[in-house]
Amino acid sequence: MISWRRATQLVLLGLFILLILLTAVPLPQWLPVQRVFALDPLLFLGPLLSSGTLITGLSVLLVLFTATALLGRFFCGHICPLGTTLDLSRPLVAGSKRSNTWRQADSGTGLRRIKYLLLLLGLAAALLGLNLLHWGSPLSLAAWFYTLVMAPFFGFILQSAESLFGFLQSKTGLWPFAPGQVNTYQTLFFLVLFFAGLLAANRLAPRFWCRYLCPAGAILGIIGHRPLIRRKVSSACTDCGLCQVRCPMQAIAEDPKKTLTTECILCQTCRHVCPEQAVDFSFPAKNELEPLHLPGRRAALQAVGLGFLLAFVGGAGRAAAGDSHLIRPPGAVPEDLFLARCLRCGMCQTICPTNMLQPESLTHGLAAHFTPVAVPRIGPCEPGCNGCTRVCPSGAIRILELEEKTWAKMGTAVIDRQTCLAWGYDRSCLVCDEVCPYGAVSLQPQEDREVFVPYVAESRCTGCGFCEHDCPVQGQAAIRVSNMWEQRLSQGSYIEAGQRLGLSISRHRDESPAREAEETSKQGLPPGFSN
Amino acid sequence: MKRVEQGLEQCRVKYQDTAGHFREVRVPSGEQLRRTEVMREVLEADVLIAAPVAKHHASGGVSLSMKGMMGLILNRGLFHYRYDLHTAIVDLCTLLKPKLTVIDASRALTTNGPSGPGKVVHPKTIVASKDMVAADAYVTNMVKWYGRSISPDKVKHIRLAHKRGLGRMDLENLNIKRLTL
């Protein structure tokens with residue numbers, strides 16, 4: 001029979017996956033994307049320490065902390081989508097022997113301290129401006145897993161099935177799936193390796209991640225180490241040791257009557273397996289607590305030092321970036337603030353209907369790793385979409401209405417006259433002009449040329465990348481969005497700021513720039529005609 | 001974003017955007033374009049009917065039924081960077097030759113095509129022909145592009161198509177019927 005706890009886990013994981021599936025354009029108004037990510041203490045602490053920003057949804061976190069102080073790490077055992085994923089995948093990776101391989105109660109004590117050290121390291125780095133805490137955030141990791149790996153994988157399967165069995169659809173109209181665009185991501189290989197490692201570690205010990213590594217678990221463990229509801233063992237206990245072996249968190253000490261409350265996730269496995277029914281969870285009488293297994297002073301200092309060092313190294317990478325083609329989503333706040341606030345949850349990449357938003361690899365340093373970067377060659381920014389601005393849980397991308405988003409200039413298209421078919425090869429090509437939704441590209445006659453050549457009116461260009469995406473030049477496009485004149489505002493209206501700068505970005509135009517009705521080529525004919 | 005078919009009853013728009021939706025075929029009469037990937041649905045269709053709107057096109061001169069065939073293939077970029085655009089359009093039309101062409105010239109974008117914004121005129125005319133070249137030639141002749149009368153032979157792909165016998169642009173020799181509704 002399925003336990004209440006497992007049922008809770010399954011329902012909540014289902015809701016989490018549903019949240020991800022529903023994070024698509026059009027985004028349902030009621031979808032609580034922001035609030036869900038506020039559940040993770042690390043996602044709250046990262047931006048707070050590294051940039052002094054309070055992200056929204058603090059109330060959710062306070063509820064969690066209060067509940068944890070009363071109940072202990074119930075979040076880990078009942079709510080956390082990563083924890084549930086690890087629980088569910090355990091039978092897949094555990095092989096034939098499903099028992100706890102490291103069964104001695106003290107065998108993992110040293111390893112257990114790693115999570116506190118990782119927490120200290122992350123906090124130290126964040127304090128110096130490098131936010132790495134999302135690496136240890138179970139919600140972030142679960143979101144990566146489901147949005148960046150699983151969703152594309154199943155989309156790929158469906159799409160392949162559609163082309164394999166497409167004839168079924170054309171003959172009978174019965175094929176029910178129309179996955180349409182399936183997003184894929186540049187860092188897929190890395191991600192698959194990463195999660196393969198995470199799941200494989202599950203084979204060494206159940207919930208390897210939660211036991212030894214999870215910094216969010218460390219915080220919750222400390223907050224909840226004196227809970228009101230505790231495990232109690234009656235005198236019926238025969239010291240058989242079954243609970244110690246079965247406890248997925250190895251939270252039962254050598255004396256099976258004692259509990260490591262920082263580790264216990266209230267899964268109640270011990271209660272279910274006890275042959276004497278000696279285990280109960282209730283208000284404590286005078287039940288002794290195991291001490292906190294915190295790391296020693298020396299190790300703690302080392303972790304802090306390493307955090308500082310990482311902040312230095314990661315920061316150096318950021319300073320060295322200097323890449324004019326690092327394009328951020330529309331409405332991304334100024335870069336330093338953006339890096340500090342971004343939770344790397346991947347929701348903006350998930351919702352992006354053209355797959356333009358990609359997780360950044362390590363090219364731009366640790367600081368930028370996994371932040372969303374816009375890659376026009378993969379997809380352009382749809383004029384009718386403001387999805388990414390509406391799902392960002394941390395304000396790294398501001399919530400923008402469509403008109404505001406239009407003015408949130410991501411960059412400016414620049415033509416490479418060497419490789420442009422018209423400029424460089426005298427070929428009649430107009431694709432960039434044709435596809436520009438904002439009328440920012442115009443073809444103009446040149447005195448010394450047969451063909452009309454494209455020009456970009458930079459004040460009309462919002463950097464959406466349609467031109468770069470559709471440029472027929474092979475490999476790197478001859479017209480590329482550079483972050484020149486990008487607009488990054490932490491507050492205030494993009495429209496007002498843009499108008500002050502003399503920008504004029506609009507989808508609704510009566511005229512193209514610099515275009516006369518009587519333009520003619522050298523042959524005395526309008527563009528496109530020839531003798 | 002709204003779905004394309006919203007408001008259209010019993011109508012489903014299919015996205016045909018990945019290579020799986022296309023099949024590579026030979027273009028036997030192609031001069032430059034010898035092979036291309038065409039939408040499977042088009043290749044399997046019983047009949048092909050071209051129904052373009054009338055637009056100016058800064059590379060093609062006009063964008064009518066012939067130029068419109070580029071919408072049915074996977075790799076249009078080649079037309080721009082490898083082949084001569086007009087020759088390749090005619091090559092393609094030897095393969096994708098509609099049984100009937102119906103050009104919507106109720107309105108026509110006469111400048112700054114194909115994307116606009118530009119000057120839109122209202123000829124209020126629908127042109128239909130079994131000869132795609134003749135239909136394109138007729139509309140080219142009828143509409144004033146950039147405010148000027150331009151004969152169909154000034155559009156290179158119409159000129160080439162006529163020369164290669166794909167259809168006719170000599171409007172004066174054609175039997176043209178005009179109906180007013």
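Throughout this document, residue positions are counted from 1 along each chain, in the order its sequence is written. Both sets of labels track the order of writing: A upward for chains, 1 upward for ligands. Totals for whole chains, interfaces and linings use all residues, but because this is a predicted model, local features are given only for residues with pLDDT of at least 70 and pairs of side-chain atoms are given and counted only at 80 or more. Neither water nor hydrogens contribute to the side-chain values; these are computed over all heavy atoms in the structure.

Undergrad: Just give me the short version of helix H8 (residues 114-127) of chain A, but keep the residues and values in it.
TA: Residues and elements named next belong to chain A. The end-to-end C-alpha separation of H8 is 20 Å, in line with the 20 Å expected for 14 residues at 1.5 Å each. Accessible area is worked out with a 1.4 Å probe on protein chains only. A residue is then buried under 20% of its type maximum, exposed over 50%, and partly exposed in between. Labels follow the DSSP assignment, with helices taken as runs of H or I lasting at least four residues and strands as runs of E lasting at least two, numbered in each case from the N terminus. Listing the buried residues of H8 in full gives Lys 115, Tyr 116, Leu 119, Leu 121, Gly 122, Ala 124, Ala 125 and Ala 126. Of the residues trailing H8, Gly 129 is marked for its positive phi of about 100 degrees. Here the expected span of a helix is defined as 1.5 Å times the quantity of residues minus one.

Undergrad: Describe a nonpolar patch on the surface, naming the residues involved and giving the relevant values.
TA: Surface patches are defined over residues having more than 30% relative accessible area and no salt bridge, joining like charges when they lie within 9 Å and nonpolar side chains (Val, Leu, Ile, Met, Phe, Trp, Tyr) when within 5 Å. Shrake-Rupley sampling with a 1.4 Å probe provides the accessible areas, and residues are treated as covered by the protein chains on show and by no other component. The working definition used for a salt bridge is a side-chain nitrogen of Lys or Arg within 4 Å of a carboxyl oxygen of Asp or Glu. Nonpolar side chains collect at one region of the surface, where Phe 153, Phe 154, Phe 156 and Ile 157 of chain A lie side by side and expose about 410 Å² of accessible area between them. As for its placement among the helices and strands, Phe 153 of chain A is situated in helix H9 (residues 138-164).

Undergrad: An account of unusual backbone geometry is needed here, citing residue identities and associated values.
TA: Following Gly 113 of chain B, the chain continues into Pro 114 of chain B via a peptide bond in cis, with omega recorded as 5 degrees. Looking at the secondary structure, you find Pro 114 of chain B in the loop between strand E6 (100-109) and strand E7 (120-121). Although it is not a glycine, Gln 250 of chain A adopts a positive phi angle of roughly 55 degrees. The residue Gln 250 of chain A is located in the loop between helix H14 (242-246) and helix H15 (269-273) in this model. Here the phi dihedral of Gln 268 of chain A falls at roughly 65 degrees; this positive angle occurs in a residue that is not glycine. Positionally, Gln 268 of chain A belongs in the loop between H14 and H15.

Undergrad: How would you summarise the packing of aromatic side chains if you had to cite specific residues and measurements?
TA: Ring pairs are drawn from Phe, Tyr and Trp, using the six-membered ring of Trp, whenever the two centres fall within 6.5 Å, and their geometry is named by plane angle: stacked under 30 degrees, edge-to-face over 60, tilted for the rest. On inspection of all chains with the given rule, the structure shows 17 aromatic pairs over all chains. Centroid distance Phe 190 of chain A to Phe 194 of chain A: 6.2 Å. Interplanar angle 25 degrees. Geometry classified as stacked. With Phe 190 of chain A and Phe 194 of chain A both in helix H11 (residues 188-204) and four residues apart, the pair spans about one turn of that helix. According to the relative accessible area criterion, Phe 190 of chain A is partly exposed, its value standing at 34%. Ring plane angle 45 degrees and centroid distance 6.5 Å describe the contact between Phe 529 of chain A and Trp 145 of chain B, whose orientation is recorded as tilted. Residue Phe 529 of chain A is found in the segment after helix H25 (494-500), and its partner Trp 145 of chain B is found in the loop between helix H5 (132-142) and helix H6 (156-163); the two belong to separate chains. By relative accessible area, Trp 145 of chain B is classed as buried at 0%. A connected cluster of aromatic rings, assembled from ring pairs, spans Phe 16, Trp 135, Trp 144, Phe 145, Tyr 146, Phe 190, Phe 194, Phe 195 and Phe 370 of chain A. Either the NZ atom of lysine or the CZ atom of arginine qualifies as a charge over a ring when it sits within 6 Å of the ring centre and within 35 degrees of the ring normal. Directly above the ring of Trp 423 of chain A sits Arg 417 of chain A, whose terminal nitrogen or CZ lies 3.7 Å from the centroid.

Undergrad: Provide a residue-level description of the packing of helix H1 (residues 4-22) of chain A against helix H6 (residues 81-93) of chain A, including the pertinent values.
TA: Residue and element names in this part refer to chain A. Contact geometry for H1 and H6: axes closest at 9 Å, N-to-C directions at 115 degrees. Handedness of the H1/H6 crossing: left-handed. For the pair formed by H1 and H6, the contact residues are Arg 5, Arg 6, Gln 9, Leu 10, Leu 13 and Phe 16 on the first element and Pro 81, Thr 84, Thr 85, Asp 87 and Leu 88 on the second. Any residue that is not Ala, Val, Leu, Ile, Met, Phe, Trp, Tyr, Cys, Pro, Asp, Glu, Lys or Arg is counted as polar, Gly included; the first ten are nonpolar and the last four charged. Classifying every residue of the contact of H1 with H6 by side-chain character gives five nonpolar, three polar and three charged. Helix axes are fitted to C-alpha atoms over the stretch in contact, other axes to C-alpha atoms as well, and angles between N-to-C directions run from 0 to 180 degrees. Should the near helix be turned anticlockwise from the far one by less than a right angle, the crossing is termed left-handed; should it be turned clockwise, right-handed. Contact criterion: two residues are considered in contact whenever any of their non-hydrogen atoms come within 4.5 Å of each other.

Undergrad: Help me get a handle on the interface of chain B and chain A, residues and values and all.
TA: Each partner contributes to the interface: chain B provides 35 residues, whereas chain A provides 38 residues. Put simply, buried area is how much 1.4 Å-probe accessible surface two parts lose in total, over both of them, once they are put together. Carbon and sulfur atoms make up 53% of the surface buried where chain B meets chain A, a total of about 3,000 Å² over both sides. The interface formed by chain B and chain A contains zero salt bridges. Pairs of N or O atoms within 3.5 Å make up the polar contacts considered here, provided that, within protein, one atom can donate a hydrogen while the other can accept it, and that residues adjacent in sequence are counted only when both atoms are side-chain atoms. At the junction of chain B and chain A, the tally comes to eleven residue pairs in polar contact (both at pLDDT 80 or more). Broken down by secondary-structure element, the contributors of at least two residues to the side of chain B that touches chain A are strand E4 (53-57), strand E5 (61-63), helix H3 (77-81) and H6 of chain B. Looking at the side of chain B that touches chain A, the element that brings in the most residues is H3 of chain B, giving four residues. Among the residues forming the side of chain B that touches chain A, the class breakdown is twelve nonpolar, 15 polar and eight charged.

Undergrad: An account of the side chain of Asp 91 of chain B is requested, with residue identities and associated values reported.
TA: Residue and element names in this part refer to chain B. Along the chain, Asp 91 falls in helix H4 (residues 85-95). Exposure remark for Asp 91: the relative accessible area of 0% places this residue in the buried category. Reaching out from Asp 91, the side chain makes a polar contact with the backbone nitrogen of Leu 33 at a distance of 2.9 Å.

Undergrad: Account for the packing of helix H3 (residues 41-51) of chain A against helix H13 (residues 215-223) of chain A, naming residues and giving values.
TA: To characterise two packed helices, one gives the angle between the axes of the helices and the distance between these axes. All names here are of chain A. Running from amino to carboxyl end, H3 crosses H13 at an angle of 100 degrees, the nearest separation of the two axes being 9 Å. In terms of orientation, H3 and H13 fall into the roughly perpendicular class. Judged by residue contacts, Pro 41, Leu 42 and Leu 45 of H3 engage Pro 215, Ala 216 and Ile 219 from H13. Residue classes in the contact of H3 with H13 are distributed as six nonpolar, no polar and no charged. Here the word oblique covers every angle except those under 35 degrees (roughly parallel), over 145 (roughly antiparallel) and from 65 to 115 (roughly perpendicular).

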